[in-house]
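Below are the chains, spelled out letter by letter.
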Amino acid sequence: MSEPGDPFSQESVARQLDTCTFCPKMCRHACPVSTASGRETHIPQVKMDRLNQLRLGRGDFTPEATDPLWACTGCRHCTMYCDHGNEPGLVLFAGRAAAVARGVTHPGLFGYSERFRAREQRLSVQLAMMFEPKLATEGEIGYWPGCDAIDKGASDIAAAMALFERVGLEQVRIVEAPQACAGYPLLAAGHRDLFRWHAGRVASSLRGFRKVAINCSACLFALRAQYPAEGVNLRTEVVSLADLLAPAAPNLACPVTRRSVYYHDPCYHARYNGVIEQPRRALSQLVELRELGWNKTDTECCGGGGLLPKTMPLIADQMAKRRLAEVQSTGGGMVVTSCATCTFMLQRNAPPSVEVANLATAMAQLSGTTFTPPANAPDDDA
């Protein structure tokens, strides 16, 4: 939205809410949550109108009144079709924070701050147990796997480390820190103050590295955009895993027979981070790359954002199934993505004919780079 100053100032947010309230629903088709749920109350216009009515004091902040605010992954697809450039996803996240400040949260997120803290402690210990020789608190390049990778995709971490060695990036070390997540879930849960506190701690943990590669699209967004917005000074350059692998991919041996592979764009990468061509360049060294019908900035969300797997788990899974239906209808194949959360969501919802792999694992397998997956502990807060 072309406005002076902060587009998320109180005045700007009010204008966006008013515009959406009286909009003829031009972005209606673009919301994956409403499409998967089939509920009119989940389309962007209705969600923004509901928040607007609460802002204007025409209703109370109750669990029932705020329920539509949680039916959003923040994927930003609606913004792509908005003539006004409105940001419903981020505005709705601000609405969640307003609800939480009034003591109202989603039933699936009761005690979330304590749950987040406990998971952080568990995962930092788990990472040290699995990769202790590869950890460091400082260096030229650090690798931040992301909490979902530690919890559910440790083999992807092992594949990434093997790839780094194979392509001449032996100096890369996994960031050793008390934190496992950059804090995006706290934002999505409406805990803005806790996010700011957590962001300061993560910034301190990353300070020993000149550059850090991130394997989570939502946390890369948080580090690049939300940390500065909260006044957190991040001195370290943060990039995606694909940014690190793309220029090094020509050092990998190309297979004699190239396999056709689909690439799924994580919505936070494609529409917030500008990470679109990098993973394609990395994969194209090894495969014949195929595009899904909805791709790049028009990609469909896998259902993993906005804490939707906790607030609306059945809808989140349905979104992942919808994303893979195109591949299934053509007889199946391999789908590669470059975000740990997307990898998990798509893998657990993939039909037998569809293989889903994280970018690092796919590149290791396709180039014959050997790696040994560590034992994974079970997740106690999926």
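Residues numbered from 1 in each chain as written. Predicted model: local features only at pLDDT ≥ 70, side-chain atom pairs only at ≥ 80, totals over all residues. Heavy atoms only, no water.

Draft legend 1. Quick peek at the overall build of the protein. Across its full length, the protein carries 19 helices and nine strands. Here the protein holds 382 residues, and the buried ones make up 58% of them. Put simply, of all contacts in the protein between residues at least 6 apart along the chain, 76% involve residues at least 24 apart. Total accessible area on the protein stands at roughly 15,300 Å², and carbon and sulfur atoms take up 51% of it. Considering the protein, the positive charge centre built from 39 side chains and the negative charge centre built from 38 side chains are found 1 Å apart. (Helix = DSSP H or I, 4+ residues; strand = E, 2+ residues; numbered from the N terminus. Buried < 20%, exposed > 50% of the residue type's maximum accessible area, 1.4 Å probe, protein only. Contact = heavy atoms within 4.5 Å. Areas by Shrake-Rupley, 256 points an atom, 1.4 Å probe, with all protein chains shown as cover. Lys, Arg positive; Asp, Glu negative; His and termini not counted. Charge placed at Lys NZ, Arg CZ, Asp CG, Glu CD.)

Draft legend 2. Representation of the nonpolar core. In terms of nonpolar packing, the biggest core is built from 116 residues, with Y143, F164, Y184, L223, Y227 and M363 touching the most fellow members. In terms of residue count, helix α9 (residues 154-166) provides more of this core than any other element does, eight residues in total. Not counting residues up to four positions away in its chain, the partners in contact with Y227 are A182, F195, A199, V202, A203, A222 and V232. One finds L17, C20, L51 and C72 within the second-largest nonpolar core, a separate group that totals nine residues. (Core = buried A, V, L, I, M, F, W, Y, C linked by side-chain atoms within 4.5 Å.)

Draft legend 3. Looking closely at the pattern of salt bridges. For the structure shown, the criterion picks out 21 salt bridges. In this structure, K296 engages E277 in a salt bridge whose closest nitrogen and oxygen atoms are separated by 3.3 Å. With K296 in the loop between β7 (287-291) and α16 (308-311) and E277 in helix α15 (residues 277-284), the pair connects residues that are 19 residues apart, well separated along the chain. Among the ionic contacts, a cluster of salt bridges with common partners joins R119, R122, D148, D151 and K152. (Salt bridge = Lys/Arg side-chain N within 4 Å of Asp/Glu carboxyl O.)

Draft legend 4. Highlighting unusual backbone geometry. The phi dihedral of R76 is positive, around 75 degrees, even though this residue is not glycine. Positionally, R76 belongs in the loop between α4 (63-66) and α5 (77-80). Its relative accessible area of 22% is what places R76 among the partly exposed residues. The backbone phi angle of K296 is positive, close to 55 degrees, even though this residue is not glycine.

Draft legend 5. Spatial organisation of the sheet that holds β7. The strand order across the open sheet formed by four strands is β7-β6-β8-β9, and the pairing between neighbours is parallel. In the strand order of this sheet, the two ends are held by β7 and β9 (354-358), each with one partner. In this sheet, neighbouring strand axes are inclined to one another by 35 degrees on average, regardless of whether the strands run parallel or antiparallel. In the sheet, strand β6 (residues 259-264) pairs with β7 via five bridges, with the strands oriented parallel. What sits directly across from S260, in β7, is E288. Each of β6, β7 and β8 (333-337) is contacted by α15, which is oriented at about 145 degrees to β7, the strand it contacts most. (Pairing = 2+ DSSP bridges. Axes fitted to C-alpha atoms, helices over the stretch in contact; angles between N-to-C directions.)

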